[in-house]
Amino acid sequence: MARRLLSVLLAIAVTIILVGFFLPRDVLVQRSVVIDASPEVAFRVLDDLRYFNAWSPWYARNSNADYRLEGPVSGQGAALAWSDMGGSETGRLRITDSQPPERIELQMTLGESESGQFFQVQPQDGATEVTWGMRMRFGALDLTGRYIGLMLPSLVGGDFNRGLVQLKDFLESHPGVMPPRPDALEPSDFPGREGESP
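A short tour of the structure in this document, coming up. (Residues numbered from 1 in each chain as written. Predicted model: local features only at pLDDT ≥ 70, side-chain atom pairs only at ≥ 80, totals over all residues. Heavy atoms only, no water.)

Side note on the pairing of strand 6 (residues 113–124)
Inspection of the sheet shows strand 5 (residues 103–110) paired to strand 6 by eight bridges, in the antiparallel sense. Following the sheet pairing, Q107 is matched in strand 6 by G116. Counting the residues in the hairpin turn of strand 5 and strand 6 gives two residues, including G111, whose phi is positive at 65 degrees. (Pairing = 2+ DSSP bridges. Helix = DSSP H or I, 4+ residues; strand = E, 2+ residues; numbered from the N terminus.)

Structure representation (structure tokens):
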């Protein structure tokens, strides 16, 4: 009986490993929304991380965290870092490339994990389509990562959808103009920029 059980468990383990090698190494998750705003305004809000918490799907969950801005005000090199009160959750979002008014590349760091993300901004019938996406590539022998990749659309897709809906509400509540920046982060939050006007 024990030998039969061991054989069954071994067969299951071998199957899981073999299936894992056939799972994709590259995973792309993306969600889109159409916003009644100009591509220029949408891009400027996305490119300026001082606006991020105004529409972020994660801010409401951890609004008491310590948020700080790093680097330039916007564009390539701008970064938003955060940590909760106990220091158990830390993260950093950094713009690695900015191509006005169409595309922004970002790197998201959560704890020890990293992912590449992007915003794509395109005009559509007098409005603007904004796409938020994430790319991950797993190593050839990273079978655990490949199985996680199967769950990523359900793990992050909902957050992307909520964030885009909140971005839509935020921009459409200020029709035809650049919305005012939130008060949560000011120029003094930039190291070495105290007193400098934005």
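With respect to the packing of aromatic side chains
Within the structure shown, the criterion is met by 10 aromatic pairs. Each ring, one from F52 and one from W58, has its centre 6.4 Å from the other, and the planes form 45 degrees; the classification is tilted. Residue W58 is classed as partly exposed on the basis of its relative accessible area of 22%. Between Y67 and W82, the aromatic rings sit 6.4 Å apart at their centres with planes inclined by 35 degrees, giving tilted as the arrangement. Taken together, the residues span a long stretch of sequence, with Y67 in strand 2 (residues 66–70) and W82 in strand 3 (residues 79–83) at a distance of 15 residues. For Y67, a relative accessible area of 13% translates into the label buried. When its relative accessible area of 9% is taken as the criterion, W82 is described as buried. A cation over an aromatic ring shows up here: R103 above the ring of F118, its NZ or CZ 4.3 Å from the ring centre. (Phe/Tyr/Trp six-rings, centres within 6.5 Å; stacked < 30°, edge-to-face > 60°. Buried < 20%, exposed > 50% of the residue type's maximum accessible area, 1.4 Å probe, protein only. Lys NZ or Arg CZ within 6 Å of the ring centre and 35° of its normal.)

Regarding the pattern of salt bridges
Within the structure shown, the criterion is met by eight salt bridges. A salt bridge links R92 to E70; the nearest nitrogen and oxygen atoms lie 2.8 Å apart. One end of the pair, R92, is in strand 4 (residues 90–99); the other, E70, is in strand 2, and 22 residues separate them in sequence. Across the pair R103 and E105 runs a salt bridge, and its minimum N-O distance is 2.7 Å. (Salt bridge = Lys/Arg side-chain N within 4 Å of Asp/Glu carboxyl O.)

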